[in-house]
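# Observations on the three-dimensional arrangement
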Amino acid sequence: MAGLVIANWKMHGSLGLIEEFSREWQLLPPLSEVSVVLCPPAPYLGAVSNAFEDVALGAQNCADQVEGAFTGEISVQMLSELGCSYVIIGHSERRALYSETDAQVAVKAALVIAQGLHAVVCVGETLEHRDAGQQDKIVIEQLLGSLAQVPCENLVVAYEPVWAIGTGRTATPAQADAMHGVIRSCLCEHFGEVGAGIPIIYGGSVKPENASVLFECDNIDGSLVGGASLNANSFWQIASAASAGRA
Ligand code: PEP
C-alpha cells in the first residue's frame, strides 16, 4: 500500500501560516507513492482547501452526534461538505484533556466511516504502562474498545505512544514496529483477512531526522506528525521519506 502521512496542526497556525506553508510547499517537488493529508484547526479548513491541490483535507475531531443542539460541536457531514476526507479520532490529547472514552471514539469512527470519510483512530500507552510492560495489553484493549461496531472500510489506525507525543522522545523503530505487529494481529483477528490491509501509521516526535528509519520498518505504513508538520519543508521531508520507504 502507498504511504500515508498526516499533519496534525493541533491548535496552531493562522491564515498567515497557511499562506507561507502553501507557497513553500508548491516550490517542493511533487511526491508519489504517498498520500498527504493536512489537518488544520477547524476554522482554517476552507483556507487550506483553497490553498492546496495535491493534498487531502482532514479534521482533528468531530461530534459524536449526527446533528442537533450541541453548541460548539462540528458534525461529520459539515466536515464532509468542507472537503474533508479524513478525521482524526481519539487523539491522546482528547482522551486525556477532554475525557474522551473508547466508546465515544467508536461512535465517532462509525459516523465518519458511514459518511464515506476515513477515520484515523488513535491508540497508545502511557509511559507508566510501558514501564510496567503492559503496553500490548493496554493498546489491544483500547483498540478493541475504540472499534466496537466500527466497520473496517476507510479505517486507519494511528499508534501514538503518549510518552512520545510532543516530547522529542521517539519510540525506537523496533518498539514501533513490534507494536504495529501486535495491532496488525489484533485487526486480523477482529476483522478477518481484510485486517491485513488497514493502514497502521506511527506518531510521536517524528521528524525529518528519524523518519526514514521508521518507514523502513515492515509494519509502519506512514505517520501522524504534530510539531514537524507546521513547517512545509520538514513535513515534505517526512512525506518524501514515507514515499521512499514504499518504493
Ligand atoms: C501528534 O500530535 O499526533 C503528534 C504525534 O505530535 P508530535 O509529532 O509533535 O509528537
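Everything discussed here concerns the structure shown above.
Cut-offs used in this document
- Residues numbered from 1 in each chain as written.
- Predicted model: local features only at pLDDT ≥ 70, side-chain atom pairs only at ≥ 80, totals over all residues.
- Heavy atoms only, no water.
- Near = heavy atom within 4 Å.
- Polar contact = N/O pair within 3.5 Å; in protein donor to acceptor, adjacent residues only side chain to side chain.
- Areas by Shrake-Rupley, 256 points an atom, 1.4 Å probe, with all protein chains shown as cover.
- Nonpolar A, V, L, I, M, F, W, Y, C, P; charged D, E, K, R; others polar.
- Salt bridge = Lys/Arg side-chain N within 4 Å of Asp/Glu carboxyl O.
- Buried < 20%, exposed > 50% of the residue type's maximum accessible area, 1.4 Å probe, protein only.
- Helix = DSSP H or I, 4+ residues; strand = E, 2+ residues; numbered from the N terminus.
- Contact = heavy atoms within 4.5 Å.
- Expected span 1.5 Å × (residues − 1).
- Arc of directions from axis to C-beta.
- Pairing = 2+ DSSP bridges.
- Axes fitted to C-alpha atoms, helices over the stretch in contact; angles between N-to-C directions.
- Right-handed = clockwise from strand over helix to strand, strands pointing away.

The next subject is the site of the ligand. In the vicinity of the ligand there are 14 residues, among which Lys-10, Glu-160, Gly-166, Ser-205 and Gly-226 approach most closely. Lys-10 is positioned such that a nitrogen or oxygen atom in its side chain is 2.7 Å from an oxygen atom of the ligand. Measuring from an oxygen atom of the ligand, one finds a backbone N or O atom of Gly-227 at 2.9 Å. Out of a free accessible area of 290 Å², the ligand has 95% covered by protein chains. For the shell around the ligand, the class distribution of residues is four nonpolar, eight polar and two charged.

For the rest of this paragraph, the subject is the pattern of salt bridges. When the charged atoms of two side chains with opposite charge come close together, those side chains can pair. For the coordinates displayed, the defined rule picks out seven salt bridges. Here Glu-100 makes a salt bridge to Arg-94, at a shortest N to O gap of 3.1 Å. You can call Glu-100 buried: its relative accessible area is 8%. Assessed through its relative accessible area of 23%, Arg-94 is described here as partly exposed. The structure contains a network of salt bridges with shared partners spanning Arg-94, Glu-100 and Lys-108.

Now for the environment of Leu-17. Tracing the backbone shows Leu-17 in helix H1 (residues 15-27). Spatially, the C-alpha atom of Leu-17 lies 9.8 Å from that of Ala-232, the residues being 215 residues apart in sequence. Residues contacting Leu-17, with those up to four places away along its chain left out, are Trp-9 and Leu-230.

Attention now goes to the environment of Asp-64. Secondary-structure assignment places Asp-64 in the loop between strand S3 (56-59) and helix H3 (76-81). Between the alpha carbons of Asp-64 and Val-112 there is a distance of 9.5 Å; along the sequence they are 48 residues apart. Apart from the residues within four sequence positions on either side, Asp-64 is in contact with Gln-104, Val-107, Lys-108 and Leu-111. A distance of 3.5 Å separates the side chain of Asp-64 from the side chain of Gln-104, its partner in a polar contact.

Before going further, it helps to examine helix H5 (residues 102-114). Taking 1.5 Å per residue, 13 residues should reach 18 Å; H5 reaches 18 Å between its end C-alpha atoms and fits that length. Looking only at H5, the buried set comprises Val-105, Ala-106, Lys-108, Ala-109, Val-112 and Ile-113. Buried residues of H5, viewed axially, fall in a sector of 165°; they line one side. Of the exposed residues in H5, the ones pointing more than 90 degrees away from its buried face are Ala-103 and Ala-114. Packing partners of the buried residues in H5 comprise H3, strand S4 (84-89), helix H4 (92-97), strand S5 (118-123), helix H7 (135-146) and strand S6 (155-159). The first or second residue beyond H5 is Gly-116, which carries a positive phi of 85°.

Strand order around the closed barrel formed by eight strands is S1-S2-S3-S4-S5-S6-S7-S8, with parallel pairing between neighbours. Pairwise comparison of adjacent strand axes, ignoring direction, gives a mean angle of 25° for this sheet. In terms of strand pairing, strand S7 (residues 200-203) meets strand S8 (residues 222-225) through two bridges, oriented parallel. Across the sheet, the residue bridging to Gly-203 is Leu-224, located in S8. Against the sheet, H5 engages S4, S5 and S6, with an angle of about 160° to S5.

The pairing of strand S2 (residues 34-39) with S3 spans two bridges and is parallel. In the strand pairing of S3, Leu-38 is matched with Leu-57. Once the chain exits S2 it traverses helix H2 (residues 45-51) before rejoining the sheet at S3, and the crossover so formed is right-handed. Bridge count for S3 against S4 is three bridges, and the pairing is parallel.

Functional significance is not addressed by these values, which are geometric in nature.
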